[in-house]
Amino acid sequence: YGLHRSRQGPCPDAPVGMPSLPGGSRTLPLRPAHFGWPGTVRRSDYQRAKTGALFAAATVAGAAATGAESSNWQALGEYIGEAYQVADDIRDVAADPEVIGKQVGRDQLLGRPNAALELGLAGATAHLEGLMARALDSIPACPGAGELRAHILSEAGRLLPAQLVRPMRVVA
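Thresholds applied
- Residues numbered from 1 in each chain as written.
- Predicted model: local features only at pLDDT ≥ 70, side-chain atom pairs only at ≥ 80, totals over all residues.
- Heavy atoms only, no water.
- Core = buried A, V, L, I, M, F, W, Y, C linked by side-chain atoms within 4.5 Å.
- Buried < 20%, exposed > 50% of the residue type's maximum accessible area, 1.4 Å probe, protein only.
- Helix = DSSP H or I, 4+ residues; strand = E, 2+ residues; numbered from the N terminus.
- Contact = heavy atoms within 4.5 Å.
- Phe/Tyr/Trp six-rings, centres within 6.5 Å; stacked < 30°, edge-to-face > 60°.
- pLDDT = per-residue confidence, 0-100.
- 1 Å grid on protein atoms, 1.4 Å probe; cavity = no way out; pocket = protein on both sides within 12 Å on 5 of 7 lines; lining within 4 Å.
- Points joined across faces, edges and corners; volume = space filled by probe spheres on them.
- Polar contact = N/O pair within 3.5 Å; in protein donor to acceptor, adjacent residues only side chain to side chain.
- Expected span 1.5 Å × (residues − 1).
- Bend = angle between axes of the 7 residues up to and from the residue.
- Axes fitted to C-alpha atoms, helices over the stretch in contact; angles between N-to-C directions.
- Parallel < 35°, antiparallel > 145°, perpendicular 65-115°, else oblique.
- Left-handed = near helix turned anticlockwise from the far one by under 90°.

## Comments concerning the nonpolar core
Consideration 1: Membership of the largest hydrophobic core comes to 22 residues, with the highest contact counts inside it found for Leu76, Val86, Leu128, Ile139 and Ile152.
Consideration 2: Among the elements of the structure, α3 (74–94), α6 (115–138) and α7 (145–156) are those that each provide at least two residues to this core.
Consideration 3: Here the element with the most residues in this core is α6; it accounts for 8 residues.
Consideration 4: Each residue touching Ile139, except ones within four places of it in the same chain, is listed here: Trp73, Leu76, Ala145, Leu148, Arg149 and Ile152.

This is how it looks when you write it as structure tokens:
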């Protein structure tokens, strides 16, 4: 993923800093219909394209800004992005709309891929834990890696509705 530093090039009206995707595209097909959903694409691919790519761009850009080898950080962003999307899927099924500040049930209404609908709440929560474990395992050796792991774990608890929060079974 590259970051465009100016408004020059094939997408001059795109925001500065907008991530470019492989092939130079700056847009993602965010609707399931663009993926041929249902049936032709896996939910995890949809989630990685929708949210994972944004988080990957952020981790890669952050690493590049510090002079670190940025490609080593892409997996971390992809796993966290997919985990965030799975948590959002869980909230869409199980959260109180007053607490999260948005309607619930939209994914089912709009026919969007949703981990909680596909795997059930327990299955989606276990999948979230697995993604977080892979995210933690993907953190490259660096100063502050332990603190980064602890921060990711503390934030992971905020992603789920309060009634579903349990200590993550992920070893930091």
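## Some thoughts on the packing of aromatic side chains
Consideration 1: Applying the stated criterion across every chain, the model contains 1 aromatic pair.
Consideration 2: Between the aromatic rings of Phe55 and Tyr84, the centroid separation amounts to 5.7 Å while the plane-to-plane angle is 35°, which identifies the pairing as tilted. Of the two residues, Phe55 is situated in helix α2 (residues 43–66) and Tyr84 in helix α3; the sequence distance between them amounts to 29 residues.
Consideration 3: Residue classification places Phe55 among the partly exposed positions, given a relative accessible area of 29%.

## Brief notes about the confidence of the model for the protein chain
Consideration 1: Taken over all residues, the pLDDT of the protein chain has a mean of 75, while the share at 70 or more is 69%.
Consideration 2: Mean pLDDT across the elements of the protein chain bottoms out in strand β1 (residues 2–3) (36) and peaks in α6 (93).
Consideration 3: Low confidence marks residues 1–32, where pLDDT is under 50. Its contacts with residues over four positions away, or in another chain, come to 53 contacts.

## Details of the environment of Asp89
Consideration 1: If you trace the backbone, Asp89 turns up in helix α3.
Consideration 2: Along the sequence, Asp89 and Gly105 sit 16 residues apart, while their C-alpha atoms lie 9.2 Å from each other.

## Observations concerning the layout of surface pockets
Consideration 1: Estimates place the volume of the largest pocket at around 280 Å³.
Consideration 2: What lines the largest pocket is a set of 14 residues, among which Phe55, Ile80, Ile152, Glu155 and Leu159 lie closest to the centre.
Consideration 3: At the level of secondary structure, the elements contributing two or more residues to the lining of the largest pocket comprise α3 and α7.
Consideration 4: A total of 5 residues in the lining of the largest pocket trace back to one element, the largest contributor, which is α7.

## What about the environment of Ser71?
Consideration 1: Mapping Ser71 onto the fold places it in the loop between α2 and α3.
Consideration 2: Judged by its relative accessible area of 47%, Ser71 is partly exposed.
Consideration 3: Looking at Ser71, its side chain comes within polar contact range of the side chain of Glu69, at 2.9 Å.

## Here we look at α6
Consideration 1: Under the 1.5 Å per step criterion, the end-to-end length of α6 is only 22 Å for 24 residues, more than 12% shorter than the ideal 34 Å.
Consideration 2: Along α6, the largest kink reaches about 100° and is centred on Leu121.
Consideration 3: Measuring from the backbone nitrogen of Ala116 back to the side-chain oxygen at the start of α6 gives 2.8 Å, which picks out Asn114 as the cap.

## Quick word on the packing of α3 against α6
Consideration 1: Contact geometry of α3 with α6 gives a least axis separation of 8 Å together with a crossing angle of 155°. By the angle class used here, α3 and α6 are roughly antiparallel. When the axes of α3 and α6 are compared, the crossing they make is left-handed.

## Focus: α7
Consideration 1: Under the 1.5 Å per step criterion, the end-to-end length of α7 is 16 Å for 12 residues, consistent within 8% with the ideal 16 Å.
Consideration 2: Buried-residue contacts for α7 involve α3 and α6.

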